[in-house]
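# Summary of structural features
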Amino acid sequence: MTSGAERKLGERVARELYRDPDYIDDPVLVEYVQGIWQRLLNAARARGELTSELDERFAWTVLMGKDRTVNAFALPGGWLGLQLGLVSVTANDDELASVLAHELSHVTQRHIARLMAQEKQQTPLMIAAMLLGALAATKNPQAGAALMTGGPALAMQQQLNFSRDMEREADRIGLGVMTAAGFQPQGFVTMFDKLQQASRLNDNGAYPYLRTHPMTTERAAEMQSRQQLAPQTPVQPTLQHAMIAGRARVFSNPGVDAQRAIVGEADAAALSSQPRVRQAQVLYGAALASARMHDGPAAARLLQRLDAVVAGDAAGQRLARLLAAEIALDQGDTARVLRLVDADSKSRPELLLALQAQVQSGHAAEAAQRLQTWVATQPRDALAWLLLSSAYTAQGQALRAVRAEAEARVAQLDYAAALDRFKAAQDMVRKGQDGNDHIEASIIDTRARQVDSLLKEQALER
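A brief look at the structure comes next. (Residues numbered from 1 in each chain as written. Predicted model: local features only at pLDDT ≥ 70, side-chain atom pairs only at ≥ 80, totals over all residues. Heavy atoms only, no water.)

### Considering the overall build of the protein chain
For clarity, the threshold we go by: Secondary structure elements are defined from DSSP: runs of H or I of at least 4 residues count as helices, runs of E of at least 2 residues count as strands, and each element is numbered from the N terminus. The contact definition used throughout considers only heavy atoms, calling two residues in contact when any of these lie within 4.5 Å.
Secondary structure summary: the protein chain contains 25 helices and four strands in total. Long-range contacts, defined here as pairs at least 24 residues apart, represent 67% of the contacts in the protein chain between residues at least 6 apart.

The following block contains the structure:
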């Protein structure tokens, strides 16, 4: 399988992941994971694991799901899936980096393409259906079986489980990549310990990662021996990671009972005697859960306690401030949001929060100007495009709003929906509803042709 064919196959699966109700684009979580991911990619480039061809052709994109299962998976073409359930059980960024480095190494070593090459008679469409079925089966076995119809597809599912040699290779290379990126090798060992303990439990579907990446004593022992040869540096859990894990836990357990349990942990008398990292994680999660249950007074009280715990820690204080702004935005207090975050920030979480507040407070023109600059350099930011669409709508610029909505669909690879929006915009121009915005009309015509070409390419692939 060529790298181009693998990229197209991965896009076909990624397109469905974008449509999955569990898909989440949370700026705070995405920024944190991307910080780890980019360090790993840079290390892989420096080590020569990531060739220039793959670097250019593959997506190298992590898509997150808010499912509570402990799972991560590599897809063809450099797409990776990461469930928030896995993020929530990690104790530090080294453990999370170990999983991402392992999955990255599966891709750089072309393990997926090598497995698929063993089944040359399988069409790409059947392989894509099988991949989607395997992912669906982690949540609903019946739905997964329905997607993976036919003996050949079921046989291919078995071959998705990486061979032991490939697992060992991904361990070895992943360890080298994460240490070169500045993460501590102990993270690989402690994550192995967690997964090994989970593998001893009855398989209730909560750890699908264990089925595609079976934990063996041999693999764990090899990682332990490699770690012992490396320089020993104590791993210190950070407030930042603890708060991120707390956020992941809240999003991956949306039920009311689960949210109440998270809030209840903050009221436990024993919390004050726990380490500072644990207190930050519990209080952050409890404040967020309270806000999601629309309990403003409880959220405010918990935020005050959180501020006291994270005092003096810059990263922790920033996350607490972002959470306070997020809660204020939900409550309609846009003035407080703009006091907490800067609309001119180059950081995505601050930027999007501030610009949402500007749109809601009647300053849509200022927000639109800032968003135009942002999407010009970040065209794959679907959330920013949708916010830009809202800003245009607030100004009565319907044509630009429809075009921005179309670009959001393009960013998520939904070319059919994007073309529908572009055609709607063209229809507005024909009816004279564009306000003589000839430049925008020209851009829409060009983009419509480009997206139509992409749709035709997809049709040919089938």
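### Side note on empty space enclosed by the protein
Applied cut-off: In the cavity and pocket records, a cavity denotes points on a 1 Å grid over the protein atoms alone where a 1.4 Å probe fits but cannot get out, a pocket denotes an open set with protein on both sides within 12 Å along at least 5 of 7 lines, and lining residues are residues with an atom within 4 Å of a point. Grid points are joined across faces, edges and corners, and a volume is the space filled by probe spheres set on the points. Residues are grouped as follows: Ala, Val, Leu, Ile, Met, Phe, Trp, Tyr, Cys and Pro are nonpolar; Asp, Glu, Lys and Arg are charged; all remaining types, including Gly, are polar.
All told, the structure shown has two cavities of 30 Å³ or more when counted by the stated rule. Quantified by volume, the second largest cavity comes out at close to 60 Å³. If you go around the second largest cavity, the residues you meet are Gly246, Arg249, Val250, Ile262, Glu265, Arg278, Gln281, Val282 and Gly285. If you list the elements that add at least two residues to the lining of the second largest cavity, you get helix H14 (239–252), helix H15 (256–266) and helix H16 (276–292). Top contributing element to the lining of the second largest cavity by residue count: H16, with four residues. Broken down by class, the residue content of the lining of the second largest cavity amounts to three nonpolar, three polar and three charged.

### Brief notes about the sheet that holds strand S1 (residues 23–24)
This is how it is decided: For two strands to be treated as a pair, DSSP must find at least two bridges joining them. For helices, the fitted line uses only the C-alpha atoms of the stretch in contact; every axis is such a line through C-alpha atoms, and the angle between N-to-C directions lies from 0 to 180 degrees.
Reading across the sheet, the four strands line up as S1-S2-S4-S3 and stay open at both edges, with mixed pairing between neighbours. Only two strands of the sheet have a single partner each, and these edge strands are S1 and strand S3 (72–75). Pairing analysis gives five bridges linking strand S2 (residues 61–65) to strand S4 (residues 79–83), with the strands arranged parallel. Residue pairing across strands places Gly65 opposite Gln83, the latter belonging to S4. Relative to the sheet, helix H1 (residues 3–19) contacts S1, S2, S3 and S4, its axis offset from that of S4 by approximately 30°. Sheet contacts for helix H5 (residues 93–108): S3 and S4; angle to S3, the most-contacted strand, approximately 20°.

### Concerning the pattern of salt bridges
So the rule is basically this: A side-chain nitrogen of Lys or Arg and a carboxyl oxygen of Asp or Glu constitute a salt bridge if their distance falls within 4 Å. Remark: exposure states derive from per-residue accessible area (1.4 Å probe, protein chains only) relative to the maximum for the residue type, with buried under 20%, exposed over 50%, and partly exposed in between.
Under the criterion given, the structure shown has 28 salt bridges. A salt bridge links Glu53 to Arg57, with the shortest nitrogen-to-oxygen separation between them at 3.8 Å. Of the two residues, Glu53 and Arg57 are both situated in helix H3 (residues 52–57); the distance of four residues between them amounts to about one turn of the helix. Residue class for Glu53 comes out partly exposed when judged on its relative accessible area of 44%. Overlapping salt bridges, with partners in common, bring together Arg400, Arg403, Glu407, Asp437, Glu440 and Arg447 in one network.

### Focus: the environment of Trp79
Inspection of the secondary structure puts Trp79 in strand S4. For the pair formed by Trp79 and Val13, sequence separation is 66 residues and the distance between their alpha carbons is 9.0 Å. Apart from the residues within four sequence positions on either side, Trp79 is in contact with Arg7, Gly10, Glu11, Ala14, Tyr18, Ala59, Thr61, Leu63, Phe73, Ala74, Arg380 and Leu413.

### Let's talk about the nonpolar core
Using the following cut-off: For this analysis, a nonpolar core means a set of buried residues of the types Ala, Val, Leu, Ile, Met, Phe, Trp, Tyr and Cys, connected via side-chain atoms within 4.5 Å.
Counting 107 residues, the largest nonpolar core has Trp37, Leu40, Trp60, Leu82, Leu96, Met243 and Leu306 as its most contacted members. For this core, the leading source of residues is helix H2 (residues 27–47), giving 10 residues. Residue contacts for Leu96: discarding those within four places in its chain leaves Tyr32, Val33, Ile36, Leu82, Leu86, Val87, Thr90 and His241. Formed by 23 residues, the second largest nonpolar core is a distinct cluster that contains Val13, Ala59, Trp79 and Met428.

### Comments concerning H1
Threshold: By this rule, a helix spans an expected 1.5 Å times one less than how many residues it contains.
Taking 1.5 Å of rise per residue, 17 residues should cover 24 Å, and H1 covers 25 Å from first to last C-alpha, within 8% of that figure. In terms of burial, H1 is largely enclosed, as 12 of its 17 residues are buried. Among all positions of H1, only Ser3, Glu6, Arg7, Leu9, Gly10, Glu11, Arg12, Val13, Ala14, Arg15, Leu17 and Tyr18 are buried.

### What to know about the pairing of S4
A regular strand carries its side chains on alternate faces of the sheet. Counting buried positions along S4 yields five of five residues, so the element is predominantly enclosed. Side chains Trp79, Gly81 and Gln83 project from S4 onto one buried face, and the interleaved Leu80 and Leu82 project onto a second face that is buried too. Judged from the four bridges that link them, S3 and S4 form a sheet pairing that is antiparallel. If you follow Ala72 over to S4, its bridge partner there is Leu82. The antiparallel hairpin formed by S3 and S4 contains three residues in its connecting segment, where Gly77 sits at a positive phi of about 80°.

### With respect to the packing of aromatic side chains
The description of two aromatic rings rests on the distance between their centres and on the angle between their planes. The cut-off we apply is this: The aromatic pairing rule takes the rings of Phe, Tyr and Trp, using the six-membered ring of Trp, and pairs them if the centres are within 6.5 Å, calling planes under 30 degrees apart stacked, those over 60 edge-to-face and the rest tilted.
Applying the stated criterion to the full structure yields four aromatic pairs. One aromatic cluster is present, built from ring pairs that chain together Tyr18, Tyr23 and Trp79.

### What to know about the packing of helix H20 (residues 348–360) against helix H21 (residues 364–377)
Each pair of packed helices can be summarised by the angle the axes make with each other and by the distance between the axes. Rule in force here: Should an angle lie under 35 degrees it is considered roughly parallel, over 145 roughly antiparallel, and from 65 to 115 roughly perpendicular; all remaining angles are considered oblique. What makes a crossing left-handed is the near helix being turned counterclockwise from the far one by less than a right angle; a clockwise turn instead makes it right-handed.
Here H20 crosses H21 at 150°, and the two axes come no closer than 8 Å. When the interaxial angle is binned, H20 and H21 end up roughly antiparallel. Read as a crossing pair, H20 and H21 show a hand that is left-handed. Residues Arg348, Leu351, Leu352, Leu355, Gln358 and Val359 of H20 form the contact with H21, whose participating residues are Ala364, Glu366, Ala367, Arg370, Leu371 and Trp374. Its residues assigned to classes, the contact of H20 with H21 comprises eight nonpolar, one polar and three charged.

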